[in-house]
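Observations on the model geometry
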Amino acid sequence: MSQKNILTKQSIVAVLAFISCALWGSAFAAVKTGYALLEISNDDWASQLAFGGLRFAVAGLMVLVYGSIQEKRLLLPRKEAIPCIGIISLFQTILQYFCYYIGLAHTTGVKASVLVGMNVFVAIVISSLVFRQEKMDLRKTLGSLVGMLGIILINLDGLRTDFSFRMIGDGLILLCTIASGFSSSFMRRYSVKENPILLSGWQFLFGGIVLMLIGLAGGGSLANFTLKALAMLIYLAFVSAAAYSLWATLLKYNPVSVVSVYGFLNPVCGVLISAVVLHEGQQIRGAFLPALLCVCAGIIIVNIEQKDSK
């Protein structure tokens with residue numbers, strides 16, 4: 001069976017997408033731990049950006065080393081691939097995380113989680129209406145809305161206290177979500193002719209360096225680097241390298257909607273892992289189970305008729 005046939009099987013897509021989401025979910029707790037080790041405050045966006053940029057640059061190196069070993073050659077981009085790498089990096093790493101870190105400093109974590117959770121629906125809309133890579137239908141819309149309901153339920157208590165919308169905070173998080181949606185479609189488009197591992201590695205390396213320079217130029221500092229902080233950085237780089245490479249490979253062979261809908265699992269995994277690692281068990285309240293059911297239902301609705309639509 002060819003790689004394409006294997007990676008379009010719903011069971012394989014589900015397993016690999018879940019692994020990606022579990023890795024990304026663990027990053028919530030790991031990032032908080034990293035900030036604590038480096039003594040970076042919640043509102044120090046410049047240092048957060050510098051730390052994030054370093055993380056992504058290291059992730060890029062990891063991906064390129066792995067890809068070079070796998071291909072038994074140095075994974076260098078062709079001239080035609082360089083613009084593709086630049087565009088993906090702009091949307092996936094530079095714009096997305098620049099908007100996220102600055103926006104997060106001016107809004108609540110709860111609202112940020114909900115707005116970021118919209119990226120699944122946004123990615124499907126962009127893929128369907130902007131890039132015409134698939135059709136937007138009732139099933140995909142319904143599945144996205146049901147999954148989004150799960151994200152809202154997880155964050156319901158926090159949302160009850162603040163319904164305001166701040167452009168510098170919430171607006172930037174929304175732009176982060178839109179950038180993420182565009183990056184999925186660009187990866188889907190460019191990975192048809194290019195190796196998704198090559199695209200992932202170089203976009204991370206380039207975008208990470210740009211973010212780190214912006215953070216340092218903005219007054220950020222990584223002065224309190226210890227061995228523990230280094231270990232956390234390496235783990236976070238591995239999370240980005242492994243999760244996004246899997247995600248990019250799935251996008252090469254599957255419609256954006258089929259892959260992106262699993263993104264609803266990110267905050268679910270994040271809550272569960274944070275409850276264990278950071279002892280934030282208070283997040284798992286009565287609404288968590290209904291939220292999980294909504295997320296799972298959304299994934300099933302989007303994928304249930306996929307065989308008929310191919």
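Here goes a summary of the coordinates provided.

Conventions and cut-offs
- Residues numbered from 1 in each chain as written.
- Predicted model: local features only at pLDDT ≥ 70, side-chain atom pairs only at ≥ 80, totals over all residues.
- Heavy atoms only, no water.
- Helix = DSSP H or I, 4+ residues; strand = E, 2+ residues; numbered from the N terminus.
- Buried < 20%, exposed > 50% of the residue type's maximum accessible area, 1.4 Å probe, protein only.
- Contact = heavy atoms within 4.5 Å.
- Areas by Shrake-Rupley, 256 points an atom, 1.4 Å probe, with all protein chains shown as cover.
- Disulfide = S-S within 2.5 Å.
- Expected span 1.5 Å × (residues − 1).
- Core = buried A, V, L, I, M, F, W, Y, C linked by side-chain atoms within 4.5 Å.
- Salt bridge = Lys/Arg side-chain N within 4 Å of Asp/Glu carboxyl O.
- Axes fitted to C-alpha atoms, helices over the stretch in contact; angles between N-to-C directions.
- Parallel < 35°, antiparallel > 145°, perpendicular 65-115°, else oblique.
- Left-handed = near helix turned anticlockwise from the far one by under 90°.
- Nonpolar A, V, L, I, M, F, W, Y, C, P; charged D, E, K, R; others polar.

1. Considering the overall build of the chain
Counting secondary structure elements, the chain contains 15 helices and zero strands. Among the 310 residues that make up the chain, the fraction classed as buried is 53%. Looking at the chain alone, contacts between residues at least 24 apart form 87% of all its contacts between residues at least 6 apart. Carbon together with sulfur atoms contributes 69% to the accessible area of the chain, which is approximately 14100 Å² in total.

2. Details of the state of the cysteines
Scanning the entire structure with this criterion turns up zero disulfides. The thiol of Cys-176 is unpaired, and the distance to the nearest cysteine sulfur, on Cys-99, comes to 6.7 Å. With no disulfide of its own, Cys-269 lies closest to Cys-21 among cysteine sulfurs, the gap being 6.1 Å.

3. Details of helix α13 (residues 265-277)
Helix length check: α13 (13 residues) gives 18 Å between terminal C-alpha atoms against 18 Å at 1.5 Å per residue, within 8%. If you check which residues of α13 are buried, you get Leu-265, Asn-266, Pro-267, Val-268, Cys-269, Gly-270, Val-271, Ser-274 and Ala-275. Structurally, α13 contributes buried residues whose contacts are with α2 (10-38), α7 (138-154) and α14 (288-303).

4. Considering the nonpolar core
Phe-51, Leu-199, Trp-247 and Tyr-262 are the most contacted members of the largest nonpolar core, which totals 77 residues. Sorting elements by how many residues they give to this core places helix α11 (residues 227-253) first, with 14 residues. Other than its neighbours up to four places away in sequence, Tyr-262 contacts Gln-10, Val-13, Ala-14, Ala-17, Cys-21, Trp-247, Ile-299 and Asn-303.

5. Let's talk about the pattern of salt bridges
Evaluated as defined, the whole model comprises four salt bridges. Via salt bridges that share partners, Arg-78, Glu-80 and Glu-194 belong to a single interconnected network.

6. Regarding unusual backbone geometry
For residues that are not glycine, phi is negative in most cases, and the peptide bond is trans in most cases. Of note, the phi angle at Lys-72 is positive, near 60°, even though the residue is not glycine. Topologically, Lys-72 is positioned in the loop between α3 (45-71) and α4 (82-104). Positive phi, normally seen in glycine, also occurs at Arg-132, with a value near 55°. Following the sequence through the fold, Arg-132 ends up in the loop between α6 (119-130) and α7. Look at Arg-132 and you get exposed, because its relative accessible area is 66%.

7. What to know about the packing of α2 against α11
Between α2 and α11, the least distance of the axes is 9 Å, while the angle of their chain directions is 155°. As judged from the angle between their axes, α2 and α11 are roughly antiparallel. Once α2 is placed against α11, the crossing between them reads as left-handed. Its residues placed into classes, the contact of α2 with α11 shows 24 nonpolar, four polar and one charged.

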